[in-house]
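Spelled out, the chains give:
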Amino acid sequence: MGKILVLFASKSDKVVYDRIVKILKKNNANFELRIASAHKSPDDVDEIINALKYDVVVSGAGLSAALPGVIASKTLKPVIGVPVNSNYQGLDSLLTIAQMPPGIPVLAVGVDNAEIAATSAMRFLKNYSTVTIISDDKDNIAVKKAVELLNEFGVVFGFRDKPKNDSVNLEFAYFDEPVEDNESLLIYCPLVLDYENSAESSLNFLKHSSHGLWVGLNNGINAALACVEILNMNDKFTQKLIRYRKTMREKLKADDTTIRR
């Protein structure tokens, strides 16, 4: 049986992680609950991530909510991020978790949405072999980047107009479209046109994220990488993921050498 690591930043998040644990216990899921902070106890985060065996991480925090992203940078396992409501109705935490740089995906749920986090984590433990892409615009740059990455990893995928229950589903959606609740495993990549890309549009993100799993705006790369991580329960893509991370690191080192003064 696969194992779920539930790692939150503070005991003050108890109102959220208790609901996650309740659902996992009800479904006899194998899990471990821990507390560690990316800011206050970073060494403990490292120790937990490196010492424990797990297949999925559900991590939550409030305010700057760095913990899920830090975990994602240290593991090849899929990470679900739970923004905890603190200031701005949790908007700051939601954006921190979802708006990860390309290459290090975190799948955000809506603010305090313990139920989606728990049920999604359990769904991740099923054996998926394909990705279903849902998009009306195959020429969109985010869609193209997702397709390019899936091809790079050798993932079997196809386009469809609705989700499939036996597939990891990736939907590209504009905020002016209704986002319907769905019981399939569904990752949303929100699309925003250049003229709509304003601070105010982040409120639409807050509104639409009431269900489903979300990556950052126009981030087809992280959407596709998250799919690969979910498909990797049998370690089929582990070596390719390691090489992908290594390539990113080497590029950054080369950039540092170029600009260093």
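Just above sits the structure.
Computed from a prediction, not measured in an experiment: that's the story for all the values here.

Enquirer: What is the right way to read the overall build of the protein from this model?
Expert: When helices and strands are counted, the protein shows 9 helices and 10 strands. The C-alpha radius of gyration of the protein comes to 17 Å, within 12% of the 18 Å expected for a compact globule of 261 residues. Along the first, second and third principal axes, the C-alpha set of the protein runs to 50 × 45 × 40 Å. Burial analysis of the protein (261 residues in total) assigns 50% to the buried set. Summed over all atoms, the accessible surface of the protein reaches about 13,000 Å², with 49% contributed by carbon and sulfur. Positive and negative side-chain charges in the protein, numbering 31 and 32 respectively, have mean positions lying 7 Å apart.

Enquirer: So what exactly am I meant to see when it comes to the pattern of salt bridges here?
Expert: Applying the stated criterion to the full structure yields 8 salt bridges. Between Arg245 and Glu229 there is a salt bridge, and its shortest N-O distance comes to 3.9 Å. Here Glu229 lies in helix α8 (residues 220-231) and Arg245 lies in helix α9 (residues 238-259), a separation of 16 residues in the sequence. Owing to a relative accessible area of 13%, Arg245 belongs among the buried residues under this scheme.

Enquirer: Would you mind showing me how to read the environment of Pro101 here?
Expert: Checked against the element boundaries, Pro101 lands in the loop between α4 (91-98) and β5 (107-108). Measuring from C-alpha to C-alpha, the distance between Pro101 and Asn222 comes to 8.0 Å, with 121 residues separating the pair along the chain.

Enquirer: Got a minute to help me understand the packing of aromatic side chains in this structure?
Expert: The geometry of an aromatic ring pair is captured by the separation of the ring centres together with the interplanar angle, meaning the angle of the planes. Evaluated as defined, the whole model comprises 4 aromatic pairs. Ring centres of Tyr188 and Trp214 lie 4.7 Å apart, and the angle between their planes is 25°; on these two criteria the pair is classed as stacked. You can see Tyr188 sitting in strand β9 (residues 186-191) and its partner Trp214 sitting in strand β10 (residues 213-214), a full 26 residues away along the chain. Tyr188 sits in the buried class, given a relative accessible area of 1%. By relative accessible area, Trp214 is classed as buried at 1%. Taken together, the ring pairs connect Tyr188, Phe205 and Trp214 into an aromatic cluster. The cationic tip of Lys138 hangs over the ring face of Phe159; the distance from NZ or CZ to the ring centre is 4.5 Å.

Cut-off values and rules
- Residues numbered from 1 in each chain as written.
- Predicted model: local features only at pLDDT ≥ 70, side-chain atom pairs only at ≥ 80, totals over all residues.
- Heavy atoms only, no water.
- Helix = DSSP H or I, 4+ residues; strand = E, 2+ residues; numbered from the N terminus.
- Rg over C-alpha atoms; globule rule 2.2 N^0.38 Å.
- Buried < 20%, exposed > 50% of the residue type's maximum accessible area, 1.4 Å probe, protein only.
- Areas by Shrake-Rupley, 256 points an atom, 1.4 Å probe, with all protein chains shown as cover.
- Lys, Arg positive; Asp, Glu negative; His and termini not counted.
- Charge placed at Lys NZ, Arg CZ, Asp CG, Glu CD.
- Salt bridge = Lys/Arg side-chain N within 4 Å of Asp/Glu carboxyl O.
- Phe/Tyr/Trp six-rings, centres within 6.5 Å; stacked < 30°, edge-to-face > 60°.
- Lys NZ or Arg CZ within 6 Å of the ring centre and 35° of its normal.

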